[in-house]
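Each chain is listed here by its residues.
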Amino acid sequence: MGNIVLLDDLTINQIAAGEVIERPANVVKELVENSLDAGATNIVVEIKKGGKTYIRVTDNGKGIAKDDLQLAFERHATSKIRQIEDLEKTYTMGFRGEALASIASISELTIISKTEKDTFGNKIKIKAGDIVDFEEVGASIGTSMIVENLFFNQPVRYKFLKQDASEFKVIKEWMQKVALANPDKSFKLINESKVVFFVSGNGNIEDIIYQIYGKEIKDNLVNVDYSEGDIKITGVIGNTMIAKENRKSQIIFLNKRNIKNPVLSASSDQAFKGSVGIGKYGFYVLNIEMPPSYYDVNVHPTKMEVRFKDEDKVYSIWYNAIKSSLLNSEFLGNNEKENNNKDYIKNEYDFVTSKYKDVKKLSKSIDISEEKELRKRDNTRKVEYKYLGILFRTYILIEIDNEIYMIDQHAGHERVLYEQIKENYKKHIQSNSQMMLIPEVVNLSHKEMEFVKENINLFIDTGFDIEVFGQNSVKINGIPDLEYRSKTNNIFLDILDEMITNERTSIKDIEERFIATVACKAAVKANMDLGKEEVDQLIQNLLTLNNPYTCPHGRPTTVKFDRAFFEGKI
Ligand SMILES: Nc1ncnc2c1ncn2[C@@H]1O[C@H](COP(=O)(O)OP(=O)(O)OP(=O)(O)O)[C@@H](O)[C@H]1O
Ligand SMILES: [Mg+2]
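Read on for a plain summary of the structure.

Considerations on the pattern of salt bridges
Next, step 1: Scanning all chains against the criterion turns up 25 salt bridges.
Next, step 2: One salt bridge connects glutamate 30 with arginine 96, and the closest N-O pair in it is separated by 3.9 Å. Of this pair, glutamate 30 sits in helix 2 (residues 24-37) while arginine 96 sits in the loop between strand 4 (77-78) and helix 4 (99-105), and the two are 66 residues apart along the sequence.
Next, step 3: On the basis of relative accessibility, which here comes to 5%, the residue glutamate 30 falls in the buried class.
Next, step 4: The class of arginine 96 is buried, set by a relative accessible area of 3%.
Next, step 5: Residues arginine 393 and aspartate 529 are paired through a salt bridge, measuring 3.1 Å at the closest nitrogen-oxygen approach.

Looking at the sheet that holds strand 18 (residues 386-391)
Next, step 1: Across the sheet, which stays open at both edges, the four strands sit in the order 18-19-20-24 with antiparallel pairing between neighbours. If you trace the sheet from one side to the other, it starts and ends with strand 18 and strand 24 (558-562), each paired once. Across the sheet, the axes of successive neighbouring strands diverge by a mean angle of 20°, strand direction being ignored.
Next, step 2: Where strand 19 (residues 395-400) and strand 20 (residues 403-408) come together, six bridges link them in antiparallel fashion. Bridge pairing in strand 20 places isoleucine 398 opposite tyrosine 405.
Next, step 3: Along the sheet, helix 14 (residues 409-426) makes contact with strand 18, strand 19 and strand 20, crossing strand 20 at roughly 75°.
Next, step 4: In the packing of helix 19 (residues 532-543) onto the sheet, contacts are made with strand 18, strand 19, strand 20 and strand 24, and the angle to strand 19 comes to roughly 65°.

Let's talk about the site of ligand 1
Next, step 1: Residues in close proximity to ligand 1 total 23 residues, the closest being Thr78, Ser79, Lys80, Glu98 and Lys303.
Next, step 2: Here an oxygen atom of ligand 1 and a side-chain polar atom of threonine 78 are 2.5 Å apart.
Next, step 3: Phenylalanine 95 is positioned such that a nitrogen or oxygen atom in its backbone is 2.9 Å from an oxygen atom of ligand 1.
Next, step 4: About the coverage of ligand 1: the protein hides 97% of its 590 Å² of free accessible area.
Next, step 5: Residue assignment for the shell around ligand 1 shows that the elements contributing at least two residues are helix 2, strand 4, helix 4 and strand 8 (142-148).
Next, step 6: Per-element tally for the shell around ligand 1: the top contributor is helix 2, with three residues.
Next, step 7: Among the residues forming the shell around ligand 1, the class breakdown is nine nonpolar, eight polar and six charged.

Let's talk about helix 7 (residues 205-213)
Next, step 1: If you check which residues of helix 7 are buried, you get Ile205, Ile208, Ile209 and Ile212. Projected onto a plane normal to the axis of helix 7, the buried residues spread over an arc of 100° and lie on a single side.
Next, step 2: Tucked into the core, helix 7 has its buried residues touching helix 6 (164-181), strand 10 (194-199), helix 8 (215-218), strand 11 (221-228), strand 12 (231-238) and strand 15 (284-289).
Next, step 3: With a side-chain oxygen positioned 3.2 Å from the backbone nitrogen of glutamate 206, the residue opening helix 7 is asparagine 204.

Re a nonpolar patch on the surface
Next, step 1: A grouping of Phe565, Phe566 and Ile570 is seen on the molecular surface, where their side chains present a nonpolar patch of about 330 Å² in accessible area.
Next, step 2: Tracing the backbone shows phenylalanine 566 in helix 20 (residues 563-566).

Description of the packing of aromatic side chains
Next, step 1: For the coordinates displayed, the defined rule picks out 13 aromatic pairs.
Next, step 2: Seen in terms of ring centroids, tyrosine 295 and phenylalanine 308 are 6.5 Å apart; in terms of plane orientation they differ by 70°. Their pairing is edge-to-face. In this pair, tyrosine 295 sits in strand 16 (residues 295-296) while phenylalanine 308 sits in strand 17 (residues 307-308), placing the two residues 13 residues apart along the sequence. Both residues of the pair, tyrosine 295 and phenylalanine 308, count as buried.
Next, step 3: With a centroid separation of 6.4 Å and an interplanar angle of 90°, the aromatic rings of phenylalanine 392 and tyrosine 395 are classed as edge-to-face.
Next, step 4: Three or more aromatic residues link up through ring pairs in this structure, and these residues are Phe451, Phe459, Phe464, Phe492 and Phe514.
Next, step 5: Its end group placed over the ring of tyrosine 210, lysine 218 keeps NZ or CZ at 5.9 Å from the ring centre.
Next, step 6: Against the face of phenylalanine 95 rests lysine 303, its NZ or CZ located 5.1 Å from the ring centre.

Focus: the sheet that holds strand 14 (residues 257-259)
Next, step 1: In space, the five strands of this open sheet follow the order 11-12-15-13-14, with mixed pairing throughout. Each having just a single partner strand, strand 11 and strand 14 make up the two edges of the open sheet. In this sheet, adjacent strand axes meet at a mean angle of 20° when their direction is disregarded.
Next, step 2: Here strand 13 (residues 250-254) runs beside strand 14; their pairing, made up of three bridges, is antiparallel. Bridge pairing links phenylalanine 253 to asparagine 258 in strand 14.
Next, step 3: The strands that helix 7 touches are strand 11, strand 12, strand 13 and strand 15; relative to strand 12, the one it contacts most, it runs at about 40°.
Next, step 4: Where helix 9 (residues 262-272) meets the sheet, it contacts strand 12, strand 13, strand 14 and strand 15, and its direction lies at approximately 125° from that of strand 15.

Quick word on unusual backbone geometry
Next, step 1: The phi torsion at asparagine 255 lies on the positive side, around 45°, for a residue other than glycine.
Next, step 2: Relative to the helices and strands, asparagine 255 is located in the loop between strand 13 and strand 14.
Next, step 3: Residue class for asparagine 255 comes out buried when judged on its relative accessible area of 10%.
Next, step 4: Not every positive phi belongs to a glycine, and asparagine 402 is a case in point at roughly 65°.
Next, step 5: Among the secondary structure elements, asparagine 402 is positioned in the loop between strand 19 and strand 20.

Cut-offs and rules
- Residues numbered from 1 in each chain as written.
- Chains lettered and ligands numbered in written order.
- Predicted model: local features only at pLDDT ≥ 70, side-chain atom pairs only at ≥ 80, totals over all residues.
- Heavy atoms only, no water.
- Salt bridge = Lys/Arg side-chain N within 4 Å of Asp/Glu carboxyl O.
- Helix = DSSP H or I, 4+ residues; strand = E, 2+ residues; numbered from the N terminus.
- Buried < 20%, exposed > 50% of the residue type's maximum accessible area, 1.4 Å probe, protein only.
- Pairing = 2+ DSSP bridges.
- Axes fitted to C-alpha atoms, helices over the stretch in contact; angles between N-to-C directions.
- Contact = heavy atoms within 4.5 Å.
- Near = heavy atom within 4 Å.
- Polar contact = N/O pair within 3.5 Å; in protein donor to acceptor, adjacent residues only side chain to side chain.
- Areas by Shrake-Rupley, 256 points an atom, 1.4 Å probe, with all protein chains shown as cover.
- Nonpolar A, V, L, I, M, F, W, Y, C, P; charged D, E, K, R; others polar.
- Arc of directions from axis to C-beta.
- Patch = residues over 30% accessible without salt bridge, like charges linked within 9 Å, V, L, I, M, F, W, Y side chains within 5 Å.
- Phe/Tyr/Trp six-rings, centres within 6.5 Å; stacked < 30°, edge-to-face > 60°.
- Lys NZ or Arg CZ within 6 Å of the ring centre and 35° of its normal.

As structure tokens, then:
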């Protein structure tokens, strides 16, 4: 007796059905997933003509028994579930019993398989859904599926296929993803008899990343290993050096299944905010593990979409996993701050997730004494360092514990101011203005005026004391109370100019961008001479921050060199 069964009608009707084979990569995906479900640890994929004429997937999984071979390519035949409720505890990639049936109906499919119990293997050949050959053959344990002449009976589909090279590229990208999700399995991809991708399955995700993305990416990764209850997140995230303009290098696996999910994407956007630069997307390859009962994968036939039962919880855990890994990186040797990070992350999280209006309401209830408290910096920790000097009137050099720190004075100051402004902004503390001796009236263009009117709260909440003064001018009574080095009366116009040359996006983004812009314009610039006291203040302020690593635009504030870096060079 085999263990593949035909699902009953009730179950069939509850499964998200639909055509999943549109191109060769879909075939590869279905076959490789079947191999993984069969417990294979070694999977070889061979391709010819972009997969149009030939796809072969060979595995060392448990094989298919003789009786089951004839059932495997029937529609709704599966060994993975019996009834829909089983999905609540199913970890396999497949469950619909449709993939082989779909493939068999539009190609010539040959299956060669042997189980541990069989003495011989069996081979079955199906053309457009009909068995044309079935015989015993010599084979080793496992399964080999050969798909030839895809869409031979569907000329219209065939016509939609791209050039061989393009089809192959999609296959390769997909294979790389599967390898990333399964670092403990060996994968080999052969194109036109040449090995183009191979990973040994040694369990080390960095080795796979190195193969796929190269050294620069590998060298800028931070490991993630985070759990809350029975939800666990593992993998790697990239620092600001490798952040990208698009989401292409954000890869999500759910119990090793590659998915796309707006909840997780939105959550990671927030977590990376302030660490990778505005408009950039942090690099990550992460797998989130949880009991299958926490989500529904039966939403769409390709299973790329899932629905989480508790979206808020998943959002928050994903956020915390990324944020805490970003902040815990050993970068500045600030191991002491682990506990602090918790509060900081919670505080940031509340800010990014709460609606603008709710924050406003909240701020009303904060009394003056509390305001004073909030603005005070945490001075409990003092950084001990040896001051070495300033290079090129821009980079502050210090030594701490046998390491040389090179701090970009602009980027560092920008980060300090950014944190300070943001802290005030979050609480809507409006008393942090520095009054100007003589209020200044500035004339604005129509566009500038519109921006000010629409976003007057942004200005006020970051410490500007301004009022609309006639149709085309604004009166500035005060500016944010920060340590200025640039000419103060220019700052308002500089910020305005920066803001209107960029498109406005959602509320949160404009807030973020505004705060970063204020910090940038107020910060000391390169080539400004700093006194020793100013340097000390900057170092103390920066190195005691929870997130000192980058300026708000994502540029590193500091690079570190240890002794080993110099040894051998000089
Ligand atoms: N490489 C393989 N090794 C062992 N058994 C396999 C392999 N490929 C397929 N099978 C068997 O054939 C059955 C049918 O495969 P098929 O891919 O059509 O359905 P499924 O994996 O159960 O569901 P889905 O349609 O969601 O992929 C599987 O349930 C499994 O029992
Ligand atoms: Mg399958």
